[in-house]
Amino acid sequence: MGTISDDPPATRIQDLKITTQNVSLIFPSRRTERKKSMFLSNIDKVLNFPVETVHFFPSHEDFPPHVAAEKLKTALSELLVPYDFLAGRLRSNPETGRLEIDCNSAGIGFAVASSDYALDDVGDLVYPNPAFGQLICKSVDSLEQDDQPLCIVQVTSFRCGGFAMGIVTNHVTFDGLSFKIFLDNLAAVTTEKPLAVTPCNDRLLLAARSPPCVTFPHHELDEFHDSNPPVIDATSEALDFKVFRLTSDDIANLKEKAKASAIGSHVSDARITGFNVVTALVWHCKALSWDNKESNLDRVSTLLYAVNIRPRLIPPLPMSYTGNAVLTAYARATCKEIDEAPFSRLVELVTEGAKRMTDEYARSAIDWGDIYQGFPNGEFLVSSWWKLGFDEVEYPWGRPKYSCPVVFQRKDIILFFPDIDDNNSVNVLVSLPSKEMSKFKTLFHKYLA
């Protein structure tokens with residue numbers, strides 16, 4: 001049965017004792033064709049916020065941290081030729097006011113730092129640790145705020161000879177899939193090989209139609225009236241934070257539970273995937289943990305999750321597309337239905353969100369963003385890092401021991417992370433007020449029993 005990490009590991013270090021040796025800028029290795037600017041799609045433009053990831057590497061005799069840092073620095077300079085936009089700066093178009101990237105080759109940031117600890121001293125890498133934020137260089141102090149790089153890489157050496165590569169990028173530059181390709185290309189260039197994938201930088205492929213044509217109701221989107229909306233609603237409530245680990249056996253059992261209750265329903269075995277059953281379980285627990293269930297059964301719960309639209313468009317978008325090519329799918333049901341429906345029905349509702357994402361639906365959602373200032377809107381968002389494969393990237397010094405985003409507690413975001421030992425297992429990270437967390441735990445255990 002799934003396990004819960006109730007408390008932070010006893011060995012968790014809260015201060016990694018980081019010393020920064022150097023912060024510099026990396027420029028393209030050769031002159032790139034000067035473009036006036038890069039268009040940003042309606043998906044890109046609402047994602048103007050940083051994404052921070054950390055990639056941990058054990059010691060390697062042939063690649064001590066200072067050697068790895070130099071290789072990364074050289075490789076990044078090379079990559080800024082095909083990824084020329086990454087060396088640019090965000091700006092508002094002076095004529096239209098629309099957000100875009102000025103491809104001015106102003107460079108990305110690169111920091112070299114060291115920790116007083118060995119990597120093993122850091123403890124459990126899977127359990128989110130706010131101290132991992134110290135492995136990220138968030139800004140280049142010598143630059144003005146409006147001249148900050150879209151990407152900064154920090155290499156932090158540990159006393160044991162291992163190191164961490166912390167990367168912060170502005171989300172307008174990549175989604176999870178294109179960032180994985182960027183890492184594959186970074187690894188290839190550090191190994192002095194050709195690019196693994198040639199990036200497609202044409203963001204106009206996801207431009208709205210002219211005139212825009214919204215042909216569907218978009219319950220997953222809502223207008224905002226603030227020019228700088230939050231990514232998700234923050235809360236001032238005190239939150240409990242727990243990690244729910246589902247093993248590959250737990251997930252197999254959930255699939256069997258869905259199949260057993262699916263007789264006579266419309267959900268096929270092909271739709272009963274690991275992601276869909278785990279998401280259905282989490283939806284059940286989250287929706288019914290809200291307030292008092294008995295007085296809340298008529299409330300409609302809306303689950304959000306991201307869907308890759310590259311293969312869903314006509315013609316398909318290149319898999320090498322560098323921009324954000326994910327849209328928000330949704331599932332909706334009353335808490336009464338969530339409470340009483342067979343598990344297969346919850347899985348079916350989850351799958352309908354992705355099934356709904358046809359070419360026309362995706363184009364309608366993109367056009368919606370041309371008419372309204374809006375953002376995904378629901379009870380909570382599932383953000384899945386489970387199958388992105390960051391820890392499968394093969395560098396000259398080997399694969400990462402673990403890769404993860406730097407996590408901030410949010411009541412309205414539930415994260416799926418891969419397990420450090422088994423990619424078929426998943427860690428579900430939940431932040432809730434204490435009373436709701438207690439209900440979530442009870443429901444979680446009851447459903448897996």
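Position numbers for residues count from 1 along each chain, tracking the sequence in the order it is written. With pLDDT at 70 or above as the cut-off, local features in this predicted model cover only qualifying residues; side-chain atom pairs require 80 or more to be listed or tallied, and sums for whole chains, interfaces and linings still use all residues. Note that the side-chain values use all heavy atoms of the structure and ignore hydrogens as well as water.

Student: Which residues make up the overall build of the protein, and what values go with them?
Tutor: Every helix listed is a DSSP run of H or I at least four residues long, and every strand listed is a run of E at least two residues long, numbered separately from the N terminus. Summing up its helical and strand segments, the protein has 9 helices and 18 strands in all. Here the radius of gyration uses the C-alpha set of atoms, whereas the globule reference equals 2.2 Å times the residue count to the power 0.38. Against the 2.2 N^0.38 benchmark of 22 Å for 449 residues, the protein shows a C-alpha radius of gyration of 22 Å, consistent with a compact globule. Throughout this description, buried means an accessible area under 20% of the type-specific maximum (1.4 Å probe, protein chains only), exposed means over 50%, and partly exposed covers the range between. In the protein, which comprises 449 residues, the share counted as buried stands at 55%. Any two residues whose heavy atoms approach within 4.5 Å are treated as being in contact. Within the protein, contacts between residues at least 6 apart in sequence are counted, and of these 81% link residues at least 24 apart. Put simply, the protein shows about 19800 Å² of open surface, and 50% of that area lies on carbon and sulfur atoms. Taken as two groups, the 45 positive and 58 negative side-chain charges of the protein have centres that lie 2 Å from each other. Surface exposure here means Shrake-Rupley accessible area, sampled with a 1.4 Å probe, where a residue is shielded only by the protein chains that are shown. Two residue types count as positive, namely Lys and Arg, and two as negative, namely Asp and Glu; His and chain ends fall outside the count. Throughout, a charge is located at the NZ atom of Lys, the CZ atom of Arg, the CG atom of Asp or the CD atom of Glu.

Student: Please set out the sheet that holds strand β8 (residues 151-157) residue by residue, giving values where relevant.
Tutor: Only strands joined by at least two bridges in the DSSP assignment are considered to pair. Ordered in space as β2-β7-β8-β9-β4-β16, the 6 strands form an open sheet in which the pairing is mixed. Looking along the sheet, the strands with just one partner apiece sit at the ends: β2 (18-26) and β16 (402-405). Pairwise comparison of adjacent strand axes, ignoring direction, gives a mean angle of 15° for this sheet. Where β2 meets strand β7 (residues 108-115), 8 bridges bridge the pair, whose relative direction is antiparallel. By the bridge assignment, Ser24 is partnered in β7 with Phe110. Helix-sheet contacts for helix α3 (residues 176-190) involve β4 (50-57) and β9 (163-170), and the interaxial angle to β9 is about 135°. As a rule, the C-alpha atoms of each element are fitted with a line to give its axis, helices using only the stretch in contact, and angles between N-to-C directions run from 0 to 180 degrees.

Student: Describe in detail the packing of helix α5 (residues 274-289) against helix α9 (residues 434-448), supporting the description with residues and values.
Tutor: As a packed pair, α5 and α9 sit with axes 8 Å apart at the nearest point and diverge in direction by 140°. Here α5 lies oblique to α9, going by the angle between them. For the pair α5 and α9, the sense of crossing is right-handed. Contacts between α5 and α9 involve Leu281, Val282, His284, Cys285, Lys286, Leu288 and Ser289 from the first element and Glu436, Lys439, Phe440, Leu443, Phe444, Tyr447 and Leu448 from the second. Charged residues are taken to be Asp, Glu, Lys and Arg, nonpolar residues to be Ala, Val, Leu, Ile, Met, Phe, Trp, Tyr, Cys and Pro, and polar residues to be all remaining types, Gly included. Per-class residue counts for the contact of α5 with α9 are 9 nonpolar, 2 polar and 3 charged. With respect to orientation, any angle under 35 degrees is reported as roughly parallel, any angle over 145 as roughly antiparallel, any angle of 65 to 115 as roughly perpendicular, and every other angle as oblique. Put simply, a crossing is left-handed when the front helix is turned counterclockwise from the back one by less than a right angle, and right-handed when it is turned clockwise.

Student: I'd like to hear about the packing of aromatic side chains, residue by residue, with values.
Tutor: Here is the rule: rings of Phe, Tyr and Trp (six-membered ring for Trp) pair when centre to centre is within 6.5 Å. Planes less than 30 degrees apart are stacked, more than 60 are edge-to-face, and the remainder are tilted. In the structure shown here, the tally under the stated rule is 24 aromatic pairs. These aromatic residues form a ring-pair network of at least three members: Tyr83, Phe85, Phe174, Phe179, Phe182, Trp385 and Phe390. Geometrically, a charge over a ring is one whose NZ (Lys) or CZ (Arg) sits within 6 Å of the ring centre while staying within 35 degrees of the ring normal. One Lys or Arg, Lys257, reaches over the ring of Tyr447 and ends 3.9 Å from the middle of that ring. Its guanidinium or amino end placed over the ring of Trp290, Arg299 lies 4.1 Å from that ring's centre, counting from NZ or CZ.

Student: Lay out the pattern of salt bridges with the relevant residues and their values.
Tutor: Salt bridge, as applied in this entry: a Lys or Arg side-chain nitrogen positioned within 4 Å of an Asp or Glu carboxyl oxygen. All told, the structure shown has 23 salt bridges when counted by the stated rule. Where Arg345 meets Glu352, a salt bridge forms, and the shortest distance between an N and an O atom there is 3.8 Å. Relative accessible area serves as the criterion here: at 29%, Glu352 is assigned to the partly exposed category. A single salt-bridge network, built from bridges that share partners, covers Glu337, Arg345, Glu348 and Glu352.

Student: Hey, could you go over the pairing of strand β11 (residues 240-246) for me, with residue numbers and the actual values?
Tutor: For a regular strand, side-chain orientation follows a simple rule: the groups alternate between the two sheet faces. Among the 7 residues in β11, 5 count as buried, and that is most of the element. Across 7 bridges, the pairing between β11 and strand β18 (residues 426-432) is antiparallel. Looking at the pairing, Arg245 lines up with Asn427 of β18.

Student: Would you mind going over the sheet that holds strand β5 (residues 89-92) in detail, with residue names and values included?
Tutor: Spatially, the 3 strands line up as an open sheet ordered β3-β6-β5, and their pairing is antiparallel. For this open sheet the edge positions go to β3 (38-39) and β5, each flanked by a neighbour on one side alone. Judged from the 4 bridges that link them, β5 and strand β6 (residues 99-102) form a sheet pairing that is antiparallel. Counterpart to Arg89 in the pairing with β6 is Asp102.

Student: Talk me through the environment of Cys103; I want residue IDs and the actual numbers.
Tutor: Mapped onto the secondary structure, Cys103 falls in the loop between β6 and β7. Along the chain, Cys103 and Leu76 lie 27 residues apart, while their C-alpha atoms are 16 Å from each other.

Student: I'd like a description of helix α2 (residues 65-79), backed by residues and values.
Tutor: With 15 residues, α2 ought to run about 21 Å at 1.5 Å a step, and its terminal C-alpha atoms sit 20 Å apart, in line with that. Lining the buried residues of α2 we find β2, β7, β8, β9 and α3. Multiplying 1.5 Å by the residue count of a helix minus one yields the expected span of that helix.

Student: I'd like a description of the side chain of Glu52, backed by residues and values.
Tutor: Here Glu52 lies in strand β4. Setting aside residues no more than four positions away along its own chain, Glu52 makes contact with Ile136, Lys138, Ile167, Val168, Cys404, Pro405, Val406 and Phe408.

Student: Lay out helix α8 (residues 359-371) in plain terms, naming residues and giving numbers.
Tutor: Taking 1.5 Å as the rise per residue, α8 with 13 residues should run 18 Å; its terminal C-alpha atoms sit 19 Å apart, in good agreement. Of all 13 residues making up α8, 10 are buried, and the element is well covered by its neighbours. Where α8 is concerned, the buried positions are Asp359, Tyr361, Ala362, Arg363, Ser364, Ala365, Ile366, Asp367, Trp368 and Gly369. On its buried side, α8 packs onto α1 (42-45), β10 (221-223), β13 (326-334) and β14 (374-376).

Student: Give a description of the packing of α5 against helix α7 (residues 343-355) that names residues and reports values.
Tutor: At a minimum axis separation of 9 Å, α5 and α7 run at an interaxial angle of 110°. Here α5 lies roughly perpendicular to α7, going by the angle between them. In this structure, α5 contributes Asn276, Val277, Thr279, Ala280, Leu281, Trp283 and His284 to the contact, and α7 contributes Phe343, Leu346, Val347, Leu349, Val350 and Thr351. Each residue belonging to the contact of α5 with α7 can be placed in one class, and the counts come to 9 nonpolar, 4 polar and no charged.

Student: Which residues make up the nonpolar core, and what are the values?
Tutor: Residues belong to a common nonpolar core when they are buried Ala, Val, Leu, Ile, Met, Phe, Trp, Tyr or Cys residues joined through side-chain atoms within 4.5 Å. With 138 residues, the main nonpolar core has Phe56, Val278, Trp283 and Val428 as its most contacted residues. If one sorts the elements of this core by residue count, α5 sits on top with 9 residues. Residue contacts for Trp283: discarding those within four places in its chain leaves Ser301, Leu303, Ala331, Arg332, Ala333, Ile338, Leu346, Leu349, Val350 and Phe380.

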